[in-house]
Amino acid sequence: MFAQERLDKIYQRICQDGKVFVKKLSEEYKISEDAIRKDLKVLEKQGVIQRTYGGAILKKQLVSFSTVNDRKDPAVRPVKKIIAQKAFDALKKKETIILDISTTNMVLAELIRDSGLELTVISNSVDILYILSKSKSVTLISPGGMFFPDAGGFVGSETIDSIKKYNVQKVFIGSCGIDLETGSLTTFNVEDGNTKRAFINAAREVFLVMENKKFFHEGIYKFAELSQIDTVITEDLPSKTIQNRLKKSKIKIL
């Protein structure tokens, strides 16, 4: 095996499991532990991992702010559709739910619109409000407030005051990252984060809808604790390490 090929495989392993151990890699690739350490040093210089005693862990990627339109990437839509379908399957007739500003929730809104399922939907996303305005079976509620173009919806104090009046069955929340070590969920800015927190507090059951890669990303503002989440919905089961961490916190994985 060429050195670069081995580097790629080691990096893939770290992305999958969150960490690797020098001794195990040495045995697996049948090379010395010193050679593995040199590989890890190369990956560390590339800025993708952080070496630790006896191994390495994935280095968290700080995600920069992007508008909701920037996140409407057709290339990742198939992944979002898998997540959205799982979220849709968790819905029951005549429930009241919240869909926050999330491109995955936009796909979920399309599924709701096309299904004819009777629901009451509260959303602060103008895209979701528009999508569901085409449905005759959905009672649609906007919490209002100040519109933020970059976020693509209503966030802030007025939105929060409005949502406090509601008691809903389920909320589907997006996040730009989750830190399993600290147990925190993060987003890009304060107003969006505070609004997400209010949505979580208004619901009996909280679903986090996100791609697997978000386990290795983080934003600048912490808006919730992992303990506040009931279910995480991703496109596929994450690594065993992540599964065990979520199960330890009594969080379901779909």
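Predicted, not measured: the structure shown is a model, and the values here were computed from it.

Peer 1: Which parts of the structure should I look at to understand the sheet that holds strand β17 (residues 252–253)?
Peer 2: By way of backbone hydrogen bonds, the strands of a sheet pair with one another, either parallel or antiparallel. Strands sit in the order β7-β6-β5-β10-β13-β16-β17 across an open sheet of seven strands; the sheet is parallel. On the outer flanks of this sheet lie β7 (138–141) and β17, each paired with one strand and no other. Bridge analysis of strand β6 (residues 119–123) against β7 gives four bridges, and the strand direction is parallel. What sits directly across from isoleucine 122, in β7, is isoleucine 141. Docked against the sheet, helix α5 (residues 103–115) engages β5 (96–99), β6, β7, β10 (168–173) and β13 (203–209), running at close to 145° with respect to β5.

Peer 1: I would appreciate a short explanation of the domain arrangement of the protein in the present structure.
Peer 2: Interfaces are often sized by the accessible area lost when the parts come together. For the protein, the assigned domains read domain 1 (3–59) and domain 2 (69–253). Here the C-alpha centre of domain 2 lies 34 Å away from the C-alpha centre of domain 1. Of the residues lining the interface, seven residues belong to domain 1; the matching set on domain 2 comes to four residues. Across the domain 1 to domain 2 interface the summed buried area is about 410 Å²; carbon plus sulfur atoms make up 60%. Counting across the domain 1 and domain 2 interface gives zero salt bridges. Where domain 1 touches domain 2, the interface holds zero residue pairs in polar contact (both at pLDDT 80 or more).

Peer 1: Looking at this model, I keep getting lost on the pairing of β6. Mind explaining?
Peer 2: Strand residues, when the strand is regular, have side chains that alternate between the two faces of the sheet. Counting buried positions over the five residues of β6 gives five, a clear majority of the element. Across four bridges, the pairing between β5 and β6 is parallel. Note that in β6 the partner of isoleucine 98 across the bridge is isoleucine 122. Where the polypeptide runs from β5 across α5 and back to β6, its parallel neighbour, the crossover connection is right-handed. Crossover connection from β6 via helix α6 (residues 126–132) to parallel β7: handedness right-handed.

Peer 1: Quick question: what am I supposed to make of the packing of helix α2 (residues 22–29) against helix α3 (residues 33–45) here?
Peer 2: A pair of packed helices is captured by two measures, namely the crossing angle of their axes and the spacing between those axes. The interhelical angle for the contact between α2 and α3, taken along N-to-C directions, is 110°, at an axis separation of 9 Å. Taken together, α2 and α3 sit at an angle that is classed as roughly perpendicular. In this structure, the crossing between α2 and α3 has a hand that is right-handed. In this structure, α2 contributes Val22, Lys23, Leu25, Ser26 and Tyr29 to the contact, and α3 contributes Glu33, Ile36, Arg37 and Leu40.

Peer 1: Help me understand the side chain of serine 184 in this model?
Peer 2: Among the secondary structure elements, serine 184 is positioned in strand β12 (residues 184–187). Serine 184 gets classed as buried once you look at its relative accessible area, which sits at 8%. Here threonine 182 takes part through its side chain, which lies 2.8 Å from a polar atom of the side chain of serine 184. Other than its neighbours up to four places away in sequence, serine 184 contacts Gly177, Ile178, Asp179, Lys222 and Ala224.

Peer 1: In this structure, what is going on with the sheet that holds β12? I would like to understand it.
Peer 2: With antiparallel pairing, the three strands of this open sheet are ordered in space as β11-β12-β15. The open sheet terminates on both sides in strands that have one partner only, identified here as β11 (177–179) and β15 (221–225). Averaged over all neighbouring strand pairs, the angle between strand axes comes to 35°, with direction disregarded. Across the face of the sheet, helix α8 (residues 190–201) comes into contact with β12 and β15 while running at roughly 10° to β15.

Peer 1: Honestly, the pattern of salt bridges in this entry has me stumped. Any pointers?
Peer 2: When the charged atoms of two side chains with opposite charge come close together, those side chains can pair. Counted according to the given criterion, the structure contains 15 salt bridges. With its nearest N and O atoms 3.7 Å apart, the salt bridge here joins lysine 23 to glutamate 27. Linking lysine 23 with glutamate 27, this pair stays in helix α2, spanning four residues, or about one helical turn. For the pair formed by lysine 23 and glutamate 27, the shared burial category is exposed.

Cut-offs used in this document
By convention here, each chain's residues receive numbers from 1 onward along its written sequence. Since the coordinates come from a predicted model, pLDDT governs what is reported: local features require at least 70, and pairs of side-chain atoms require 80 or more to be given and counted, while whole-chain, interface and lining totals use all residues. As a convention, hydrogens and water are excluded, and side-chain values are obtained from all of the structure's heavy atoms. A pair of strands is treated as paired once DSSP finds two or more bridges between them. Strands here mean DSSP runs of E at least two residues long; helices mean DSSP runs of H or I at least four residues long; both are numbered from the N terminus. Residue contacts follow a heavy-atom distance rule, with two residues in contact if any of their heavy atoms lie within 4.5 Å. Whenever a helix is involved, its axis is fitted only over the stretch in contact; in every case the axis is a line through C-alpha atoms, and angles between N-to-C directions fall within 0 to 180 degrees. An automatic or database domain assignment is the source of the domain bounds shown. Buried area: the accessible surface (1.4 Å probe) lost by two parts on joining, summed over both. Basic side-chain nitrogens of Lys or Arg form a salt bridge, by our definition, when they fall within 4 Å of a carboxyl oxygen of Asp or Glu. Within 3.5 Å is the distance limit for a polar contact, defined as a pair of N or O atoms, with the added protein rule that one can donate a hydrogen and the other accept it, and that residues adjacent in sequence qualify only through two side-chain atoms. Each residue's exposure class comes from its accessible area (1.4 Å probe, protein chains only) as a fraction of the maximum for that residue type: buried when under 20%, exposed when over 50%, partly exposed otherwise. Note on handedness: a clockwise path from strand one over the helix to strand two, with the strands aimed away from the viewer, defines a right-handed crossover. By definition in this entry, angles of less than 35 degrees are roughly parallel, angles greater than 145 are roughly antiparallel, angles of 65 to 115 are roughly perpendicular, and the rest are oblique. Definitions for this section: a left-handed crossing has its near helix turned counterclockwise from the far helix by less than a right angle. A right-handed crossing has that turn clockwise.

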